[in-house]
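Examining the three-dimensional arrangement
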Amino acid sequence: MFTAINIRQHSKLHTLHTVIRGRVFDGQFEAHGKVVRVNFVPVKAEVKDRRLVLTGKMGFTSPMQPARYVDPITATLLATQGGVGTSAVRRQLLAGTAQTAQTATSDQKLEQEKGPETDLQPGLHSFEPPRYDQSGRPEVESTEALAFVGVLYFKLSAIDNRALGINVDLSEVQLGVRLAPTDDLARDMQFLFSDVVMALHDNSNESLRSSLEGLNEAFRF
């Protein structure tokens, strides 16, 4: 659950916290005792200067006022926070995206089908030999094929709060997106965002191209 942020008169909103529902980023903040609901619907993903940039439509809704929109608005990825724990099994995602549309690996299924065990350290169990990556480092439950992103941090393009009838400065807002999916599409989105982030970190152009295709395909749902 997200928490409404209380904004005093003439102050600036620095961070808007949202959660993912389907493909929508949903959140809210409080200003002058009124809760303003916000949702961002991305429609396009691209990479500029090695940063993920989303373009979409953002809606603002408050009591006694009709919904108002900023369209288009861009969100530039600044940072991410990795997930902790075993990621969910990947569904068969979208037809035609061979790189990103894949089911769980055998390692993923094995991790999730195991019963409770005593950990020597996360990912290393007392009754199995440790697994190592190509650099000789032990693999844990959130690395390589099991890795996933838990939070995305974006910088939004400037928003004219006066045009929206909101007496809060929205010119420099950071958008935090918690990827805690509760539906199938949101789970797919989490894996697609994770694939894009991993490709950016690995400087893998082919993986990045394929991951972006999968993400843009999901935005059309």
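What counts, and at which threshold
- Residues numbered from 1 in each chain as written.
- Predicted model: local features only at pLDDT ≥ 70, side-chain atom pairs only at ≥ 80, totals over all residues.
- Heavy atoms only, no water.
- Helix = DSSP H or I, 4+ residues; strand = E, 2+ residues; numbered from the N terminus.
- Buried < 20%, exposed > 50% of the residue type's maximum accessible area, 1.4 Å probe, protein only.
- Contact = heavy atoms within 4.5 Å.
- pLDDT = per-residue confidence, 0-100.
- 1 Å grid on protein atoms, 1.4 Å probe; cavity = no way out; pocket = protein on both sides within 12 Å on 5 of 7 lines; lining within 4 Å.
- Points joined across faces, edges and corners; volume = space filled by probe spheres on them.
- Nonpolar A, V, L, I, M, F, W, Y, C, P; charged D, E, K, R; others polar.
- Core = buried A, V, L, I, M, F, W, Y, C linked by side-chain atoms within 4.5 Å.
- Expected span 1.5 Å × (residues − 1).
- Polar contact = N/O pair within 3.5 Å; in protein donor to acceptor, adjacent residues only side chain to side chain.

The helix and strand inventory of the protein stands at four helices and 10 strands. Each helix and strand of the protein, ordered N terminal to C terminal, gives the series β-β-β-β-β-β-α-β-β-β-α-β-α-α. For the protein, the proportion of its 221 residues judged to be buried stands at 43%. Within the protein, contacts between residues separated by at least 24 positions form 55% of all contacts whose residues are at least 6 apart in sequence.

Tracing the backbone through its elements, the reader meets V35 in strand β4 (residues 34-48). The exposure class assigned to V35 is partly exposed, which follows from its relative accessible area of 32%. Each C-alpha atom, one on V35 and one on T61, is 8.4 Å from the other, the two residues being 26 residues apart in sequence.

Turning next to the confidence of the model for the protein. The pLDDT averaged across the protein works out to 80; a share of 68% of its residues lies at or above 70. Predicted confidence for residues 95-126 stays below pLDDT 50, and this span has 61 contacts to residues more than four positions away or in other chains.

This part covers empty space enclosed by the protein. In this approach the atoms are scanned with a rolling probe the size of a water molecule, which exposes any empty space left behind. Scanning the entire structure with this criterion turns up two cavities of 30 Å³ or more. Estimates place the volume of the largest cavity at around 40 Å³. Around the largest cavity, the lining residues are V36, F60, T61, S62, Q65, P66, R68, L164 and I166. Among the residues forming the lining of the largest cavity, the class breakdown is five nonpolar, three polar and one charged. Put simply, the second largest cavity is a space of about 30 Å³.

What tends to happen in soluble globular proteins is that the nonpolar side chains get buried as a cluster. Counting 44 residues, the largest nonpolar core has L54, F60 and F193 as its most contacted members. Among the elements that make up this core, the one with the highest residue count is helix α3 (residues 184-202) (eight residues). Beyond its immediate chain neighbours, meaning those up to four positions away, F193 contacts F25, L52, L54, L152, L179, L215 and F219.

The omega torsion across D71 and P72 is 5°, close enough to zero to call that bond cis. Structurally, P72 is set in strand β6 (residues 68-82). Notably, R50 is not glycine yet its phi reads approximately 60°, a positive angle. Within the fold, R50 resides in the loop between β4 and β5 (51-61).

An ideal rise of 1.5 Å per residue puts 27 Å on 19 residues; α3 measures up with 27 Å between its terminal C-alpha atoms. The N-cap of α3, judged by a side-chain oxygen 3.2 Å from the amide nitrogen of L185 a few residues on, is D183. Once α3 ends, the next one or two residues include N203, with phi positive near 55°.

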